[in-house]
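Residue-level structure breakdown
Listed below, chain by chain, are the residues.
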Amino acid sequence: MDALGRRIVAQNPFSGLEPLFHVVWVRESVLFHRGTGEVFISAGLSEKCKSEPELAAVLCSELGKMSAEKRRAALHGKDRDG
């Protein structure tokens, strides 16, 4: 999981994100982030992805949310993780 996430980040250096990727060992489908430093995906959601490109798309959706939050925070002068 971490290797795939890092490849995605490396291919998108313009995002300014360098999060750590964590697997949460639960069967439910869970995907969330904490600040701009961490992404969490459940083992259950990961297993539902039928291919690596599908899993990459799931991770990219969360990275997109993180990037939007980072830009919004910067516009409001609150560009620190909280």
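A short tour of the structure in this document, coming up. (Residues numbered from 1 in each chain as written. Predicted model: local features only at pLDDT ≥ 70, side-chain atom pairs only at ≥ 80, totals over all residues. Heavy atoms only, no water.)

Looking at helix α3 (residues 52-75)
The terminal C-alpha atoms of α3 lie 34 Å apart, and with 24 residues this matches the ideal 34 Å at 1.5 Å per residue to within 8%. Residues of α3 that are buried: L55, A56, V58, L59, E62, L63, M66, S67 and A73. Of the surrounding secondary structure, the elements contacted by the buried residues of α3 are α1 (2-10), β1 (20-24), β2 (31-34), β3 (38-42) and α2 (43-48). Directly after α3, the chain includes G77, whose backbone phi takes a positive value near 70°. (Helix = DSSP H or I, 4+ residues; strand = E, 2+ residues; numbered from the N terminus. Expected span 1.5 Å × (residues − 1). Buried < 20%, exposed > 50% of the residue type's maximum accessible area, 1.4 Å probe, protein only. Contact = heavy atoms within 4.5 Å.)

Describing the state of the cysteines
One pass over the full model with this rule turns up 0 disulfides. The thiol of C49 is unpaired, and the distance to the nearest cysteine sulfur, on C60, comes to 11 Å. (Disulfide = S-S within 2.5 Å.)

Let's talk about the packing of aromatic side chains
Summed over all chains, the structure comprises 1 aromatic pair. Residues F32 and F40 carry aromatic rings whose centres are separated by 4.8 Å and whose planes lie at 10° to one another, so their mutual orientation is stacked. The class of F40 is buried, set by a relative accessible area of 11%. (Phe/Tyr/Trp six-rings, centres within 6.5 Å; stacked < 30°, edge-to-face > 60°.)

A word on the sheet that holds β2
Across the sheet, which stays open at both edges, the 3 strands sit in the order β1-β3-β2 with mixed pairing between neighbours. Single-partner strands in this sheet number two, and they are β1 and β2. Between one strand axis and the next, the sheet turns through 25° on average, direction left out of account. In this structure, β1 lies alongside β3, joined through 5 bridges in parallel fashion. Opposite V24, over in β3, you have S42 as the bridge partner. (Pairing = 2+ DSSP bridges. Axes fitted to C-alpha atoms, helices over the stretch in contact; angles between N-to-C directions.)

Details of the packing of α1 against α3
Close contact between α1 and α3 brings their axes to 10 Å; oriented N to C, the two are set at 60°. Pair α1 / α3 crosses with right-handed handedness. Residue-level contacts link L4, G5, R7, I8 and V9 of α1 to E52, L55, A56, L59, C60 and L63 of α3. In terms of residue class, the contact of α1 with α3 is made up of 8 nonpolar, 1 polar and 2 charged. (Left-handed = near helix turned anticlockwise from the far one by under 90°. Nonpolar A, V, L, I, M, F, W, Y, C, P; charged D, E, K, R; others polar.)

Here we look at α1
Buried residues of α1: L4, G5, I8 and V9, and no others. Buried residues along α1 cover an arc of 135° about the axis, so they all sit on one side. Pointing more than 90 degrees away from the buried face of α1 are the exposed residues A3 and A10. In this structure, the buried side of α1 is in contact with β1 and α3. (Arc of directions from axis to C-beta.)

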